[in-house]
Amino acid sequence: MSLFRHAVFEISVASPDGLPYSAAPEIAFAGRSNAGKSSAINTLAGHTRLAYVSKTPGRTQLINLFRLKNGAALVDLPGYGYAQVPEAVRRQWRGLLEHYLTRRENLAGLVLIMDSRRPFTDLDRQMIAWFVPTGRPIHCLLTKSDKLTRQEQSKTLCEAKAVAQGLSGNITLQLFSSLKKTGIEDVEKMVGNWLTPEQPPTPKQE
Ligand SMILES: Nc1nc2c(ncn2[C@@H]2O[C@H](COP(=O)(O)OP(=O)(O)O)[C@@H](O)[C@H]2O)c(=O)[nH]1
Ligand SMILES: [Mg+2]
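Everything quoted here is computed from the prediction, not taken from an experiment.

A. Spatial organisation of the sheet that holds strand β6 (residues 138–143). Reading across from one edge, β1-β3-β4-β2-β5-β6-β7 is the order of the 7 strands in this open sheet, with mixed pairing throughout. Among the strands making up the open sheet, the edge pair consists of β1 (8–13) and β7 (171–175). Neighbour-to-neighbour, the strand axes of this sheet turn through a mean angle of 20 degrees, independent of strand direction. The sheet contacts of helix α3 (residues 122–131) involve β5 (107–115), β6 and β7, and relative to β5 the element is tilted by about 165 degrees. The strands touched by helix α5 (residues 184–195) within the sheet are β2 (26–31), β5, β6 and β7, with β5 carrying the most contacts at an inclination of about 155 degrees.

B. Summary view of the pairing of strand β3 (residues 63–67). Of all 5 residues that make up β3, 5 are buried, and the element is covered over most of its length. By the bridge criterion, 5 bridges tie β1 to β3 in an arrangement that is antiparallel. By the bridge assignment, isoleucine 11 is partnered in β3 with leucine 65. In terms of strand pairing, β3 meets strand β4 (residues 73–76) through 4 bridges, oriented antiparallel. Residue pairing for β4: asparagine 64 is matched across the bridge by aspartate 76. Following β3, the chain reverses through 5 residues before pairing antiparallel with β4; glycine 71 in that reversal takes a positive phi of roughly 100 degrees.

C. Molecular detail of the pattern of salt bridges. As enumerated under the stated definition, the model contains 10 salt bridges in all. The salt bridge partner of glutamate 87 is arginine 90, with a shortest N-O separation of 3.9 Å. With glutamate 87 and arginine 90 both in helix α2 (residues 87–103), this residue pair falls 3 residues apart, about one helical turn. Between aspartate 115 and arginine 117 there is a salt bridge; the shortest N-O distance is 2.9 Å. Salt bridges here are not isolated pairs; linked through shared partners, they connect Glu87, Arg90, Arg91 and Arg94.

D. Representation of the environment of glycine 169 within the structure. With respect to the element layout, glycine 169 can be found in the loop between α4 (150–166) and β7. Since its relative accessible area comes to 47%, glycine 169 is described here as partly exposed. Taking C-alpha positions, glycine 169 is 8.8 Å from phenylalanine 131, a pair spaced 38 residues apart along the chain.

E. Quick peek at the site of ligand 1. Asn34, Lys37, Ser39, Asp146 and Ser178 are the nearest of the 17 residues found near ligand 1. Note that an oxygen atom of ligand 1 is positioned 2.9 Å from one of the backbone N or O atoms of glycine 36. Within the contact set of ligand 1, an oxygen atom lies 2.7 Å away from a backbone nitrogen or oxygen of serine 178. For ligand 1, the accessible surface in isolation is 570 Å², of which the surrounding protein chains cover 82%. Of the residues belonging to the shell around ligand 1, the class tally is 3 nonpolar, 8 polar and 6 charged.

Cut-offs and rules
Counting restarts for each chain: residues are numbered from 1 in the order of the written sequence. The lettering of chains begins at A and the numbering of ligands begins at 1, in the order of writing. pLDDT decides what is reported in this predicted model: residues at 70 or higher carry local features, side-chain atom pairs at 80 or more are listed and counted, and totals for whole chains, interfaces and linings draw on all residues regardless. In computing side-chain properties, one takes all heavy atoms of the structure into account and sets aside hydrogens as well as water. In this description, strands pair whenever DSSP reports at least two bridges between them. Numbering of helices and strands starts at the N terminus; helices are DSSP runs of H or I of at least 4 residues and strands are runs of E of at least 2. Axes here refer to lines fitted to C-alpha atoms; in helices the fit is confined to the stretch in contact. Angles between the N-to-C directions go from 0 to 180 degrees. Throughout, a residue-residue contact means that at least one pair of heavy atoms, one from each residue, lies within 4.5 Å. Accessible area is worked out with a 1.4 Å probe on protein chains only. A residue is then buried under 20% of its type maximum, exposed over 50%, and partly exposed in between. Basic side-chain nitrogens of Lys or Arg form a salt bridge, by our definition, when they fall within 4 Å of a carboxyl oxygen of Asp or Glu. When we say a residue is near a molecule or strand, we mean one of its heavy atoms is within 4 Å of it. As used in this structure description, the phrase polar contact means that two N or O atoms lie within 3.5 Å; if the pair is within protein, one of them must be able to donate a hydrogen and the other to accept it, and residues adjacent in sequence are counted only when both atoms belong to side chains. The Shrake-Rupley method, run with a 1.4 Å probe sphere, supplies the accessible areas, and residue values consider only the shown protein chains as cover. In this count, Pro and Cys sit with the nonpolar residues alongside Ala, Val, Leu, Ile, Met, Phe, Trp and Tyr, while Asp, Glu, Lys and Arg are called charged and the others, Gly among them, polar.

Rendered as structure tokens:
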């Protein structure tokens, strides 16, 4: 069964402290505003307007929680890096994000959405730096890959892998396009593994 299909919206909260206590695993989605996070969530969920896709970046300031069929939650974090948000507000948000990413016990992993044409901005690296010490995995989606030629795609992937290696931590990456709907299975496989790790084959009984 597909992991993200038929995800249903459950709740919006103004800050991570507002998220209900839950023992069910959570998968956080974070990214720079306009990186394609809402589009990626809609694409994964097979839903055109589950997460609001905006032409005006930075509008989504609420945290949206979607419930997946298997009981896990998808937590859509507010986009960061929007220049027109006042510095005081940005600082406050950074504090809340850091607190959530470093302390939320039921977080299974982070899906980091980055525009494939400019991955690993300073704020992306900041998210990674907060999350890596938790020991949990980060899977990066290099979005809008349809805007790159095949050659650029492999170059981007190769360079991004080199950057990820330099950051230590459990970081994986892939290309993704909401427009072309490519990369969906790879995300499902990776995130699915966080929730139910592949079992080693049972030894044969003698
Ligand atoms: N070509 C292309 N455009 C995309 C893709 N994903 C998102 N976009 C566009 O990028 C803009 C920002 O997308 P959105 O999902 O709202 O970004 P968010 O701010 O990260 O949630 C919108 O104009 C989208 O239509 C993609 O895979 N390919
Ligand atoms: Mg959005």
